[in-house]
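Letter by letter, the chains look like this.
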Amino acid sequence: MPPTQAESVIKNIIREIGQECAGHGEIVSETLAAFMVKAVVLDPSNGFNMDRPLMKSDVQKLVKLNKSFPQSRLGLLVRKDELCVSRLLDSKNPSLDTIKMQVYFDMNYTSREEFLEEHHRVLESRLGSIMREITDNRACAREELESLYRKIVSYVLLRSGLGSPTDIKIVREATAALQSIFPQAELGTFLTLSKKDKERQLKELTMIVTGIRLFNRDCGKGGEGIDDLPAILREAIPATTQHIDSQLQTAQDQAYRYTAILEKAANNPFLSIELQPYMLKEALYNVRQYEVFLQIILSDIITCAQEVEMMIKQLGAQLEQLKMIVKSKTAVPTSQVFPIFIALSNLWTSFQDETVLISVLSNLTTHLVPFLGAHELLFPEKVIQNLLDGLTVKTDVCRVKEHLEDRVHLADFRKQEWLFPETTANFDKLLIQYRGFCAYTFATTDGLLLPGNPAIGILKYKEKYYTFNTRDAAYLFAENPENYIDLIREKAKKNAELIQLLELHQQFETLIPYSHMKDVDKHIKPITKSESSTQTDTHILPPTIVRSYEWNEWELRRKAIKLANLRQKATHSVQTDLSHMRRENCSQVYPPKDAGTQSKREGSSQVPRPQIYIAGLRGGQGKVTSGVKVNLTRAVDET
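Residues numbered from 1 in each chain as written. Predicted model: local features only at pLDDT ≥ 70, side-chain atom pairs only at ≥ 80, totals over all residues. Heavy atoms only, no water.

As recorded in an unreviewed UniProt entry, the protein chain goes by Cilia- and flagella-associated protein 206 and comes from Callorhinus ursinus. In its Function (unreviewed entry) section, the UniProt record describing the protein chain reads: "Essential for sperm motility and is involved in the regulation of the beating frequency of motile cilia on the epithelial cells of the respiratory tract. Required for the establishment of radial spokes in sperm flagella." Quoted verbatim from the Subcellular location (unreviewed entry) field of the UniProt record, the comment on the protein chain reads "Cytoplasm, Cytoskeleton, Cilium axoneme". (UniProt positions renumbered as here; feature names shortened; annotations may be inferred.)

1. Quick word on the pattern of salt bridges
As enumerated under the stated definition, the model contains 26 salt bridges in all. One salt bridge in this structure joins K151 and E133, with 3.7 Å as the shortest N-O distance. Residue K151 is found in helix α8 (residues 142-160), and its partner E133 is found in helix α7 (residues 128-135); the two are separated by 18 residues along the sequence. Take K151: its relative accessible area is 26%, and that puts it in the partly exposed class. (Salt bridge = Lys/Arg side-chain N within 4 Å of Asp/Glu carboxyl O. Helix = DSSP H or I, 4+ residues; strand = E, 2+ residues; numbered from the N terminus. Buried < 20%, exposed > 50% of the residue type's maximum accessible area, 1.4 Å probe, protein only.)

2. Notes on a nonpolar patch on the surface
A cluster of nonpolar residues, Y613, V628, V630 and L632, forms a patch on the protein surface that exposes about 360 Å² of accessible area. With respect to the element layout, V630 can be found in strand β5 (residues 628-631). Using a relative accessible area of 32% as the deciding quantity, one classes V630 as partly exposed. (Patch = residues over 30% accessible without salt bridge, like charges linked within 9 Å, V, L, I, M, F, W, Y side chains within 5 Å. Areas by Shrake-Rupley, 256 points an atom, 1.4 Å probe, with all protein chains shown as cover.)

3. Some points on the sheet that holds strand β1 (residues 417-419)
With antiparallel pairing, three strands are arranged side by side in an open sheet as β1-β2-β3. With one partner strand each, in any of the chains shown, β1 and β3 (464-466) form the two edges of the open sheet. Ignoring strand direction, the axes of neighbouring strands in this sheet form an average angle of 35°. Sheet topology places strand β2 (residues 458-461) next to β3; three bridges connect them, and they run antiparallel. When the sheet's bridge partners are listed, K460 is paired in β3 with Y465. (Pairing = 2+ DSSP bridges. Axes fitted to C-alpha atoms, helices over the stretch in contact; angles between N-to-C directions.)

4. Quick look at the nonpolar core
Grouped together as the largest cluster of nonpolar side chains are 122 residues, with contacts concentrated most on I152 and F468. Looking at this core element by element, the count peaks at 21 residues for helix α14 (residues 280-326). Counting residues in hydrophobic clusters, the runner-up holds six residues, among them L419, F427, I432 and I458. (Core = buried A, V, L, I, M, F, W, Y, C linked by side-chain atoms within 4.5 Å.)

5. A closer look at the packing of aromatic side chains
By the definition in use, this model includes 15 aromatic pairs. Centre to centre, the rings of W418 and F468 are 6.2 Å apart; their planes meet at 55°, and the pair counts as tilted. Residue W418 is located in strand β1, and its partner F468 is located in the loop between β3 and α20 (471-479); the two are separated by 50 residues in the primary sequence. Here W418 matches F468 in class, with each residue buried. Between the aromatic rings of F468 and F477, the centroid separation amounts to 5.1 Å while the plane-to-plane angle is 50°, which identifies the pairing as tilted. The same class applies to F468 as to F477, namely buried. Linked through ring pairs, F413, W418, Y434, Y440, Y466, F468, Y475, F477 and Y484 together constitute an aromatic cluster. We note K198 situated over the ring of F190; from NZ or CZ to the ring centre the distance is 6.0 Å. (Phe/Tyr/Trp six-rings, centres within 6.5 Å; stacked < 30°, edge-to-face > 60°. Lys NZ or Arg CZ within 6 Å of the ring centre and 35° of its normal.)

What follows is the structure in structure tokens.
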């Protein structure tokens, strides 16, 4: 069958499935119907061969089986031989709820950058009509100019989003702000500009007017119709985060209980057969997928919170700077205030973007809850408690802590490459296969999802990375990885929701969701760390410096004169009798050494101290006093 004809037939099949479901009161989107058709074709139990193009008999089989669906089977557990329509109409199938959840999330979620880009594009398209009315206007009369000016005011309000253009107070405030920077008398100059220049000037006017109104609002002199977005976001973000955390905790607790029951059933074949009608495994996939989506949304909200906190600080700094410039002045240079007004406008636009983004993420979280409805129908609390009797419910964190010390020994593997936190710089950023779940456990226990423990070691196999919940599982998987990878692929064909849950898009490229298209070829390679040292020669190449080079022409002239003079000289040598037949001599001596002597006793000398005595100073019987000077100092040789 030619490709174009096959494509047309598939579209007809999808349309017939949608009509058949609508006839039974179930509205199914074409995206969901197309995904279900692909899931039915992938399931090997349905007998479709994926190794050859879609044949006419296959198309007839699909259509025939779809049309032959009996109405009496609605609301009951479907048989294996019933295909697309029967699966889409089954209201008690967690697997279908998971697929619906995945399709809904893929159609309604986009990255932060893409969302903001699309949001701005939609705003621009909505303003396109009034923008054309202004730029294409050829007003001449006074009434026409006044009408044009009013349109400019309306455009400013619509683009800024600060109030309704039908509110008189808001229009008056915006008009006053616009007249302060763009009086109506300048409309003549405006009309002479080119269309692009008009559009650029309108955008600049909008930002400046927005900055003026925000500054007036901060000063308490205006701001009619302007909501306090920073305060609203500071209140909304924690409330939304708390709600999602609560939902996430509930989903994780439910997943932990399902995992404990399935882990027990994996070791008890009779219990496994008993639990098969409950579709507990499909319920685990459903709640795990819900957990993944909540974590994605929560991550975006945390990013919003960080952006809002940073913008609030920037807004306060800009307003303070503007107050310092303006103060009580009656006139301020536009070159100083206009850039700040524009910065205020851009910050407020970012606040508006964050408000819309928080609202969208909150609504997305709310609309994911209905896809968990099958749990209450299939697993009432009484049934779960009976199944949990005697079991210990373990969290993912507890399972990881149980085997922190059980690490893979590199000596046991020569061909496989294992990565560890201490030897890999970007260990936490590696893209783990199967969304971090243990590949060996999933392949050998009929699809049980247990979290892998990266601390045990990450196996690198064909540029892909695998984690395991125990060391034994890691050893067994490393013996024959291809075998277990094939087993997982076959399980995913039977349960199509696993393709997105375990991120198997590369193995099923026709089912890659839009949100993963850009990440298909992106692989983060590990940056391994090891001790190394290098040594570099000082001069690898021989030096190219010409030592005889001289740049000074006067020095060259001096050397030239010297060489010219040498040409007229002769060299003579003389040898004397003393130098005749002289040779070099050498001698050897003992090196000097330190020596010292010591006397038998210590000696010292002392200089005599002078002593002079004068007699008769005390007087006598006579009136005249006469003294006698006597030198009592001893001789040197007597001391």
